[in-house]
Amino acid sequence: MLRFIINRIFQVIPVLLGITILVFSMLHLIPGDPARTMVGIEASAEQIEQAREELGLNRPLHEQFFSFVGNAIKGDLGESIRTSLPVTEEILNRLPITINIAIGATIFATFFGMLFGIIAAINHNKFGDGLTMVISLLSVSTPSYFLGLLLMLVFSLHLGWLPTIGISTPIHYILPIVTLGAQAMGLIARMTRSGMLDVLRQDYIRTARAKGLPERVVIYIHAFKNALIPVVTVVGLRFGGLLAGTVLVESVFAVPGIGRFMVEAVLIRDYPVVQGTVLVVAVSFVLINLLVDIIYGLLDPRVRYT
Amino acid sequence: MDQQVIKRFLKRKVSVFGGLIIIMFILTAIFGPLVAPYDPLQQNLANSYKGISSDHLLGTDNLGRDTLSRLIYGARISLGISLASIGLALIIGVSLGVTAGYYGGRVDNLIMRFVDILLAFPGILLAIAIVAILGNGLVNTMIAVAIFSVPDFARIVRSSVISLKETEFIEACRAAGASDIRIITKHIIPNSLSPLIVQATLMLGTAILIASGLSFLGLGVQPPNPEWGAMLSQGRELLRSSPLVAIAPGAAITFVVLSFSLVGDGLRDALDPKLKN
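Just so it is clear, the structure is predicted and the values come from calculations on it, not from any experiment. (Residues numbered from 1 in each chain as written. Chains lettered and ligands numbered in written order. Predicted model: local features only at pLDDT ≥ 70, side-chain atom pairs only at ≥ 80, totals over all residues. Heavy atoms only, no water.)

## Examining the confidence of the model for chain B
- Here chain B shows a mean pLDDT of 88. Residues at 70 or above account for 98%.
- Here helix α13 (residues 273-276) of chain B stands out as the element of chain B with the lowest mean pLDDT, 55, in contrast to helix α4 (residues 67-103) of chain B, whose mean of 93 is the highest. (pLDDT = per-residue confidence, 0-100. Helix = DSSP H or I, 4+ residues; strand = E, 2+ residues; numbered from the N terminus.)

Here it is, written out as structure tokens:
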């Protein structure tokens with residue numbers, strides 16, 4: 001098992017290094033002079049020079065890279081051009097909101113996705129199956145930024161049940177969580193359905209039924225547990241994706257999380273913030289996937305030997 | 001595509017329905033100027049915030065612009081971005097995938113590690129990072145969506161090239177003295193087309209989602225261009241007064257994405273019936 005974990009960690013290192021190189025290169029791939037782009041065309045030569053100095057662009061490239069990596073490992077992602085505050089501090093202030101939404105969306109997607117998947121499987125080829133699959137197909141195809149606006153229109157503007165924007169109370173989390181989780185819910189519903197249908201055809205389910213066990217026990221105790229393994233992986237892998245999905249949802253509901261922070265930084269060309277936020281989200285995604293992989297290996301010994 | 005494949009595809013009614021919707025949107029995009037009742041950019045403040053009427057079937061926005069006309073012209077931009085970016089992604093992805101799969105070894109390792117790194121950026125994040133570098137606008141949005149889509153094509157092509165290059169007919173070609181380029185272009189790529197067609201169809205929908213998402217965030221196509229995501233972004237401000245300004249492009253994106261996904265699924269079943277069973 002230890003060998004499996006060490007192997008997986010070693011596989012992730014080059015990817016992390018690659019992400020760091022790409023994020024570092026962002027500043028150098030900007031067409032023209034990044035310092036001039038950042039301060040604007042009306043800036044004086046002095047201001048441009050100052051920006052170059054602040055970004056460390058006057059130093060040799062390899063020196064810039066090693067200092068970027070070294071600082072990033074120490075948790076120093078530079079300073080925001082707009083606020084002059086450390087980027088790490090700005091991200092840490094916003095990260096809890098984003099994580100709360102991503103966790104909430106994962107729980108929402110898992111619960112309702114599994115529920116719809118089971119309903120569809122036990123009503124295979126009946127109305128319940130068709131309806132839940134239409135819902136899941138629609139939820140997968142509807143962009144989160146449109147779904148968010150629709151939910152806001154119905155539940156906030158028409159019915160007045162939920163707040164429109166911001167995140168000051170727990171109730172404010174409901175719409176962003178549902179919006180973000182809907183797509184994953186559709187995917188989980190489809191996976192649970194096909195997993196359940198596969199399992200329900202197995203011999204041991206026939207045996208369980210032949211023993212005279214009530215259908216509920218057969219479905220929830222015997223079938224569901226075994227249909228769960230692939231679903232657990234999807235849930236874990238989706239969590240990382242949901243973290244990135246918050247970019248759109250936070251913009252819809254004006255939530256001051258890391259995603260909206262990133263978009264605002266791109267719009268005003270605050271490159272240290274763009275680099276910092278992209279790095280944090282991408283690295284988190286890779287590390288979460290690594291964690292899911294390891295947990296999956298712990299749960300299912302077959303994975304360790306593939 | 002042979003008769004059998006077409007027959008199998010036509011048997012799947014939902015996919016045919018999706019195909020018809022896509023054809024309808026494509027025709028709308030092509031004949032936009034002929035069917036749109038108004039100029040999509042023409043402002044008429046006396047006509048602002050109008051609801052559904054015989055003059056304006058989907059109402060008007062805060063500047064009095066006809067929502068239906070903007071939606072029709074938007075189809076040109078959104079579908080155009082999707083087609084162009086997936087075309088570009090296909091060229092780059094297929095080239096990378098074929099090179100990696102055919103030559104193997106270090107070249108394969110280098111290309112696929114690069115692809116892995118691109119895949120490590122979840123969802124729309126990679127597209128945002130590219131726009132942060134290139135800046136916003138129509139062409140940069142296309143490039144961002146294309147780069148976002150490259151890894152999927154590269155991986156698919158690579159895996160089919162790896163399985164193909166060990167087959168007897170490729171060995172026979174090599175023994176007959178065919179050059180690498182000839183083997184790749186005449187034999188390997190044509191035989192890898194099925195999974196590519198399916199993936200490209202599915203990715204056309206994803207490309208619209210990503211491009212519209214970028215425009216919604218203000219990072220893609222800029223107003224007053226009637227790109228669907230940009231329209232949705234504008235519609236957010238008018239949700240209370242003119243909800244149709246947001247609902248119309250949002251529904252259009254959903255329908256097109258859903259249709260591409262239905263057609264993609266149908267093509268997968270039709271091209272590879274084993275997979276379905």
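## Topic: unusual backbone geometry
- In this structure, the amide linkage connecting Pro-223 of chain B to the following residue, Pro-224 of chain B, adopts the cis form with an omega of 10°.
- Among the secondary structure elements, Pro-224 of chain B is positioned in the loop between α10 (193-216) and α11 (228-237).
- Although it is not a glycine, Arg-269 of chain A sits at a positive phi angle of roughly 60°.
- Take Arg-269 of chain A: it is sitting in the loop between α11 (258-267) and α12 (271-299).
- Taking relative accessible area as the criterion, Arg-269 of chain A reaches 27% and is therefore assigned partly exposed. (Buried < 20%, exposed > 50% of the residue type's maximum accessible area, 1.4 Å probe, protein only.)

## Here's the deal with the packing of aromatic side chains
- Under the defined criterion, the tally for this structure stands at ten aromatic pairs over all chains.
- Taking the centre distance of 5.0 Å and the plane angle of 45° together, the rings of Phe-108 of chain A and Phe-112 of chain A count as tilted. In this pair, Phe-108 of chain A and Phe-112 of chain A both sit in helix α5 (residues 87-122), four residues apart, roughly one turn of the helix.
- Here Tyr-102 of chain B and Tyr-103 of chain B contribute two aromatic rings whose centre-to-centre distance is 5.2 Å and whose plane-to-plane angle is 85°, an arrangement assigned as edge-to-face.
- Residue classification places Tyr-103 of chain B among the partly exposed positions, given a relative accessible area of 43%.
- Lying across the ring of Phe-261 of chain A, Arg-94 of chain A places its NZ or CZ 3.9 Å from the centre. (Phe/Tyr/Trp six-rings, centres within 6.5 Å; stacked < 30°, edge-to-face > 60°. Lys NZ or Arg CZ within 6 Å of the ring centre and 35° of its normal.)

## Section: the packing of helix α10 (residues 215-252) of chain A against α11 of chain A
Residue and element names in this part refer to chain A.
- Two elements in contact, α10 and α11, have axes whose closest approach is 7 Å; the angle formed by their N-to-C orientations is 85°. Relative to α11, the element α10 lies roughly perpendicular. On α11, the residues that touch Val-247, Glu-250 and Ser-251 of α10 are Ile-258, Gly-259, Arg-260, Met-262 and Val-263.
- Grouping the amino acids of the contact of α10 with α11 by side-chain chemistry returns four nonpolar, two polar and two charged. (Axes fitted to C-alpha atoms, helices over the stretch in contact; angles between N-to-C directions. Parallel < 35°, antiparallel > 145°, perpendicular 65-115°, else oblique. Contact = heavy atoms within 4.5 Å. Nonpolar A, V, L, I, M, F, W, Y, C, P; charged D, E, K, R; others polar.)

## Thoughts on the nonpolar core
- Ile-19 of chain A together with Phe-121, Ile-128 and Trp-228 of chain B are the most contacted members of the largest nonpolar core, which totals 161 residues.
- If you tally residues by element for this core, the top one is α10 of chain A, at 14 residues.
- Each of domain 1 (1-31 + 269-306) and domain 2 (95-268) of chain A contributes no fewer than three residues to this core. (Core = buried A, V, L, I, M, F, W, Y, C linked by side-chain atoms within 4.5 Å. Domains from an automatic or database assignment.)

## Examining α11 of chain B
All names here are of chain B.
- Across the ten residues of α11, eight count as buried, placing the element largely inside the fold.
- Those residues of α11 that sit buried are Trp-228, Gly-229, Ala-230, Met-231, Leu-232, Ser-233, Gln-234 and Gly-235.
- Of the residues that open α11, the one with a side-chain oxygen 2.7 Å from the backbone nitrogen of Gly-229 is Glu-227. (Polar contact = N/O pair within 3.5 Å; in protein donor to acceptor, adjacent residues only side chain to side chain.)

## Let's talk about the interface of chain B and chain A
- Taken together, the contact between chain B and chain A spans 38 residues of the former and 42 residues of the latter.
- Both sides together, the interface formed by chain B and chain A hides about 3300 Å², and carbon and sulfur atoms give 83% of it.
- Our enumeration of links across chain B and chain A arrives at one salt bridge.
- Between Arg-190 of chain A and Asp-265 of chain B there is a salt bridge, with its nearest N and O atoms 3.7 Å apart.
- In this structure, the connection of chain B to chain A is made through three residue pairs in polar contact (both at pLDDT 80 or more).
- At the level of elements, α5 (105-119), α6 (125-134), α10, α11 and α12 (244-271) of chain B are the ones that each hand at least two residues to the side of chain B that touches chain A.
- In terms of residue count, α12 of chain B provides more of the side of chain B that touches chain A than any other element does, eleven residues in total.
- Residues that form the side of chain B that touches chain A fall into these classes: 28 nonpolar, six polar and four charged. (Buried area = accessible area lost by both parts, 1.4 Å probe. Salt bridge = Lys/Arg side-chain N within 4 Å of Asp/Glu carboxyl O.)

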